[in-house]
2 protein chains.
Amino acid sequence: MPQKPDVLVPFCPVIILVKPQMGENIGAAARAMLNFGLRELRLVEPRDGWPNPSADDMSAGALERMGGAAVFSCLADAVADLHTVYATTARRRDMVKPVFTPHSAARDIQSRTQAGQKTGIVFGGERAGLDNEDIALCQNIITVPVNPEFSSLNLGQAVLLLAYEWMQAGLDAQALPSLDYGKSTPATQEILEGFFGRLEAELDAGGFFRTQEVRPTTARNIRAMFARAELSDQEVSTLHGILTALRKS
Amino acid sequence: MPQKPDVLVPFCPVIILVKPQMGENIGAAARAMLNFGLRELRLVEPRDGWPNPSADDMSAGALERMGGAAVFSCLADAVADLHTVYATTARRRDMVKPVFTPHSAARDIQSRTQAGQKTGIVFGGERAGLDNEDIALCQNIITVPVNPEFSSLNLGQAVLLLAYEWMQAGLDAQALPSLDYGKSTPATQEILEGFFGRLEAELDAGGFFRTQEVRPTTARNIRAMFARAELSDQEVSTLHGILTALRKS
């Protein structure tokens, strides 16, 4: 199946599952990968052989769209063409290697990718995780911070978090929330002033301000409240409609 | 079961699942929550009733350790005691509300939590997601950026990502500036509902809604606009005063 070029993700880290047991978890990993734009899956000694119908079912079409998975007989072969490899592990190891969080690893991978490196993230099997020989083949370690009193991340979820962080690192330009105004546009100060002026006149007429002394402070507080809403021009029209209706109610 | 005090997470956002269908997904959500230190789960109209053995099985003990889940008959009741609520949705909506990523939402939630606010994150059911009425009850929207060519996140995975980001934000130490409410406190959803209910009644009396067909949409847009202002209880009192004055003007 020819691979469509994908503008978002020109190069991706390879995901490598070492001795995965359940086909369902391989499928869930593939699905999580493609959800976040990762496309290259490698398997080292999958317990139930390959291909695996349970993996296909669970992948919801992801395996087929990724062009399947490549199978290797040992991790050394599976990482032979890569420049930098990260081992995911929960336990502390007696090896001096940089330890990343998924977040910091994703940033490291993005910058290596942009420098033309090919990277991989290695996950151990469901029960045993990675053994020390496997970890020795990786330059770096990734540990997901979890609740120490309840850590039960499964293989598919661990792949999901790494794939997610990888895509976020690529998108990071827009970190802050933005208001989605849809078809309307933010109201200008002039339009807002028009509304405030009318509102205050109506409030004066209705005897809202108890004394002239409190009037400026109260009026400012009302403005502050509406200003925080970052109104669109459409919404200011709605507010004008509301004023008209309330006078008739 | 007495809840152990947890140093990491003194206050947590509440996770609210609206009309969840599969018990397995509720269990997976609970497990993902506790993996990252969240402990308060609320359900609105779970399809198969509650408690649900499939949910217990899939939660791997998380539901029991969290003290179960509370069940509500509508979302308004489930969020009544919360100050700020986030709706997770994939589709674009025609409501002007801040749109967060999981990452930026988690930071927003952490800073509100530190300011004493109680927050919630709302997830729709597996098939339909949240409807517009539900989203109108939420001040903010969270959208998970996924591969537009393959987006198949399930409920458990969506909860996992939000819970994960929430814990990361807490570990991140860098709190964002939060709104300074001075001596007053943020209005709860219940107080806001009281105001919206009165406003809509007065608008009905004033003939504001041209037709009964446009009424729900227009009412939602009005709520969205006030919700964005993040009103204090003091300000809601001011708005009640404004309504009273306008009727007399």
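Residues numbered from 1 in each chain as written. Chains lettered and ligands numbered in written order. Predicted model: local features only at pLDDT ≥ 70, side-chain atom pairs only at ≥ 80, totals over all residues. Heavy atoms only, no water.

### Let's talk about the overall build of chain A
Turning to step 1, where the next piece is worked out: Secondary structure assignment for chain A yields 10 helices and eight strands.
Turning to step 2, where the next piece is worked out: In chain A, which comprises 249 residues, the proportion classed as buried is 49%.
Turning to step 3, where the next piece is worked out: Intrachain contacts of chain A at a sequence separation of at least 6 include 83% that bridge at least 24 residues.
Turning to step 4, where the next piece is worked out: As displayed, chain A has an accessible area near 12100 Å², and 53% of this comes from carbon and sulfur atoms. (Helix = DSSP H or I, 4+ residues; strand = E, 2+ residues; numbered from the N terminus. Buried < 20%, exposed > 50% of the residue type's maximum accessible area, 1.4 Å probe, protein only. Contact = heavy atoms within 4.5 Å. Areas by Shrake-Rupley, 256 points an atom, 1.4 Å probe, with all protein chains shown as cover.)

### Let's talk about the pattern of salt bridges
Residues and elements named next belong to chain A.
Turning to step 1, where the next piece is worked out: Scanning the model with the defined rule gives 27 salt bridges over all chains in all.
Turning to step 2, where the next piece is worked out: Between R42 and E40 there is a salt bridge whose closest N-O contact spans 2.9 Å.
Turning to step 3, where the next piece is worked out: The exposure class of R42 is buried, given its relative accessible area of 6%.
Turning to step 4, where the next piece is worked out: Here the residues in one salt-bridge network are E40, R42, D81 and K118, joined through shared partners. (Salt bridge = Lys/Arg side-chain N within 4 Å of Asp/Glu carboxyl O.)

### Things to note about a negative patch on the surface
Turning to step 1, where the next piece is worked out: A grouping of E24, D56, D57 and E64 of chain A is seen on the molecular surface, where their side chains present a negatively charged patch.
Turning to step 2, where the next piece is worked out: Checked against the element boundaries, D56 of chain A lands in helix α2 (residues 53-58). (Patch = residues over 30% accessible without salt bridge, like charges linked within 9 Å, V, L, I, M, F, W, Y side chains within 5 Å. Lys, Arg positive; Asp, Glu negative; His and termini not counted. Charge placed at Lys NZ, Arg CZ, Asp CG, Glu CD.)

### Quick notes on the confidence of the model for chain A
Residue and element names in this part refer to chain A.
Turning to step 1, where the next piece is worked out: Across chain A, the average pLDDT comes to 86, with 89% of residues at or above 70.
Turning to step 2, where the next piece is worked out: Counted against residues more than four places away or in other chains, residues 1-10, with its pLDDT under 50, gives 12 contacts.
Turning to step 3, where the next piece is worked out: Confidence over residues 173-177 falls short of pLDDT 50; this stretch has four contacts with residues more than four positions distant or in other chains. (pLDDT = per-residue confidence, 0-100.)

### Quick notes on the sheet that holds strand β6 (residues 119-123) of chain A
Residues and elements named next belong to chain A.
Turning to step 1, where the next piece is worked out: One open sheet holds the seven strands; their spatial order is β3-β2-β1-β6-β4-β7-β5, and the pairing between them is parallel. Two strands lie at the open edges of the sheet, namely β3 (69-72) and β5 (99-100), each paired on one side alone.
Turning to step 2, where the next piece is worked out: Relative to β6, strand β4 (residues 84-88) is paired through four bridges, and the arrangement is parallel. Paired with A87 across the two strands is V122, which belongs to β6.
Turning to step 3, where the next piece is worked out: Where helix α1 (residues 23-35) meets the sheet, it contacts β1 (14-18) and β2 (41-44), and its direction lies at approximately 155 degrees from that of β2.
Turning to step 4, where the next piece is worked out: Packed on one face of the sheet, helix α7 (residues 155-171) meets β1, β4, β6 and β7 (140-142) and runs near 155 degrees to β6. (Pairing = 2+ DSSP bridges. Axes fitted to C-alpha atoms, helices over the stretch in contact; angles between N-to-C directions.)

### Re the pairing of strand β6 (residues 119-123) of chain B
Across a regular strand the side chains alternate sides, sitting on one face of the sheet and then on the other.
Residues and elements named next belong to chain B.
Turning to step 1, where the next piece is worked out: Buried residues dominate β6, accounting for five of its five residues.
Turning to step 2, where the next piece is worked out: Side chains T119, I121 and F123 project from β6 onto one buried face, and the interleaved G120 and V122 project onto a second face that is buried too.
Turning to step 3, where the next piece is worked out: Two strands pair when backbone bridges link them, and strand β1 (residues 14-18) and β6 are joined in this way by four bridges, in the parallel orientation. Counterpart to V14 in the pairing with β6 is G120.

### A closer look at the side chain of T88 of chain B
Residues and elements named next belong to chain B.
Turning to step 1, where the next piece is worked out: In this fold, T88 is placed in strand β4 (residues 84-88).
Turning to step 2, where the next piece is worked out: In this structure the side chain of T88 is engaged in a polar contact, spanning 2.8 Å, whose partner is the backbone oxygen of V122.
Turning to step 3, where the next piece is worked out: With sequence-adjacent residues up to four places away left out, T88 is seen in contact with I121, V122, F123, L130, I142 and L162. (Polar contact = N/O pair within 3.5 Å; in protein donor to acceptor, adjacent residues only side chain to side chain.)

### A closer look at the interface of chain A and chain B
Turning to step 1, where the next piece is worked out: Facing the 68 residues of chain A at the interface are 69 residues of chain B.
Turning to step 2, where the next piece is worked out: Each partner contributes to the roughly 5800 Å² buried at the junction of chain A and chain B, and carbon and sulfur atoms together form 60% of this total.
Turning to step 3, where the next piece is worked out: By the criterion of area lost to chain B, the three top residues of chain A are F150, R228 and L246 of chain A, representing 12% of everything that side buries.
Turning to step 4, where the next piece is worked out: Viewed at the interface, chain B and chain A are joined by three salt bridges. (Buried area = accessible area lost by both parts, 1.4 Å probe.)

### Details of helix α1 (residues 23-35) of chain B
All names here are of chain B.
Turning to step 1, where the next piece is worked out: Given a rise of 1.5 Å per residue, 13 residues ought to cover 18 Å, and the 18 Å separating the end C-alpha atoms of α1 matches this to within 8%.
Turning to step 2, where the next piece is worked out: Counted residue by residue, α1 has 12 buried out of 13 residues, so it is predominantly covered.
Turning to step 3, where the next piece is worked out: Buried within α1 we find G23, N25, I26, G27, A28, A29, A30, R31, A32, M33, L34 and N35.
Turning to step 4, where the next piece is worked out: Where α1 terminates, the next one or two residues include G37, which has phi positive at roughly 85 degrees. (Expected span 1.5 Å × (residues − 1).)

### Let's talk about the packing of helix α5 (residues 102-114) of chain A against α7 of chain A
Residue and element names in this part refer to chain A.
Turning to step 1, where the next piece is worked out: At their nearest, the axes of α5 and α7 sit 8 Å apart, and the two run at 55 degrees to each other. Overall, the two elements α5 and α7 adopt an arrangement that is oblique. Between α5 and α7 the crossing geometry is right-handed. Residues P102, H103, A106, R107, I109 and Q110 of α5 form the contact with α7, whose participating residues are L162, E165, W166, A169 and G170. (Parallel < 35°, antiparallel > 145°, perpendicular 65-115°, else oblique. Left-handed = near helix turned anticlockwise from the far one by under 90°.)

### Digging into the environment of F208 of chain B
Turning to step 1, where the next piece is worked out: Structurally, F208 of chain B is set in the loop between α8 (189-205) and α9 (215-228).
Turning to step 2, where the next piece is worked out: A relative accessible area of 14% means that F208 of chain B is categorised as buried.
Turning to step 3, where the next piece is worked out: Excluding residues that lie within four positions of it along the chain, F208 of chain B makes contacts with T238, G241, I242 and A245 of chain A together with L203, T218 and I222 of chain B.

### Some details on the state of the cysteines
Turning to step 1, where the next piece is worked out: For the structure on display, the rule yields zero disulfides over all chains.
Turning to step 2, where the next piece is worked out: You can see C138 of chain A has no disulfide; the closest cysteine sulfur is in C74 of chain A, sitting 12 Å from it.
Turning to step 3, where the next piece is worked out: Exposure remark for C138 of chain A: the relative accessible area of 1% places this residue in the buried category.
Turning to step 4, where the next piece is worked out: Counting only cysteine sulfurs, C138 of chain B is the nearest neighbor of C12 of chain B, a cysteine outside any disulfide, at a range of 19 Å.
Turning to step 5, where the next piece is worked out: Residue C12 of chain B is classed as buried on the basis of its relative accessible area of 16%. (Disulfide = S-S within 2.5 Å.)

### Considerations on the environment of S54 of chain B
Turning to step 1, where the next piece is worked out: Summarising the element assignment, S54 of chain B is placed in helix α2 (residues 53-58).
Turning to step 2, where the next piece is worked out: Separated by 21 residues in sequence, S54 of chain B and L75 of chain B place their C-alpha atoms 23 Å apart.

### Things to note about the nonpolar core
Side chains of a nonpolar character, in soluble globular proteins, are inclined to be buried together.
Turning to step 1, where the next piece is worked out: By size, the foremost hydrophobic cluster in this structure holds 74 residues, and its most contacted members are L17 and L41 of chain A together with L17 and L41 of chain B.
Turning to step 2, where the next piece is worked out: Dropping the residues within four chain positions of it, L41 of chain A is found in contact with I15, L17, I26, A30, M33, L63, M66, G68, A69 and A70 of chain A.
Turning to step 3, where the next piece is worked out: Counting residues in each nonpolar core, the second largest holds 38 residues, with L231, V236 and I242 of chain A together with L203 of chain B among its members. (Core = buried A, V, L, I, M, F, W, Y, C linked by side-chain atoms within 4.5 Å.)

### A word on the packing of aromatic side chains
Turning to step 1, where the next piece is worked out: Within the structure shown, the criterion is met by 13 aromatic pairs over all chains.
Turning to step 2, where the next piece is worked out: A ring pair is formed by F36 of chain A and Y164 of chain A, whose centres lie 5.6 Å apart and whose planes are at 80 degrees; its orientation type is edge-to-face. In this pair, F36 of chain A sits in the loop between α1 and β2 while Y164 of chain A sits in helix α7, placing the two residues 128 residues apart along the sequence.
Turning to step 3, where the next piece is worked out: Residue classification places F36 of chain A among the buried residues on the basis of a relative accessible area of 0%.
Turning to step 4, where the next piece is worked out: Arranged with centres 5.1 Å apart and planes meeting at 80 degrees, the rings of F208 of chain B and F209 of chain B form a pair that is edge-to-face. For the residue pair F208 of chain B and F209 of chain B, the accessibility class agrees, reading buried in each case.
Turning to step 5, where the next piece is worked out: Pairwise contacts between aromatic rings join F195, F196 and F226 of chain A together with F195, F196 and F226 of chain B into one cluster. (Phe/Tyr/Trp six-rings, centres within 6.5 Å; stacked < 30°, edge-to-face > 60°.)

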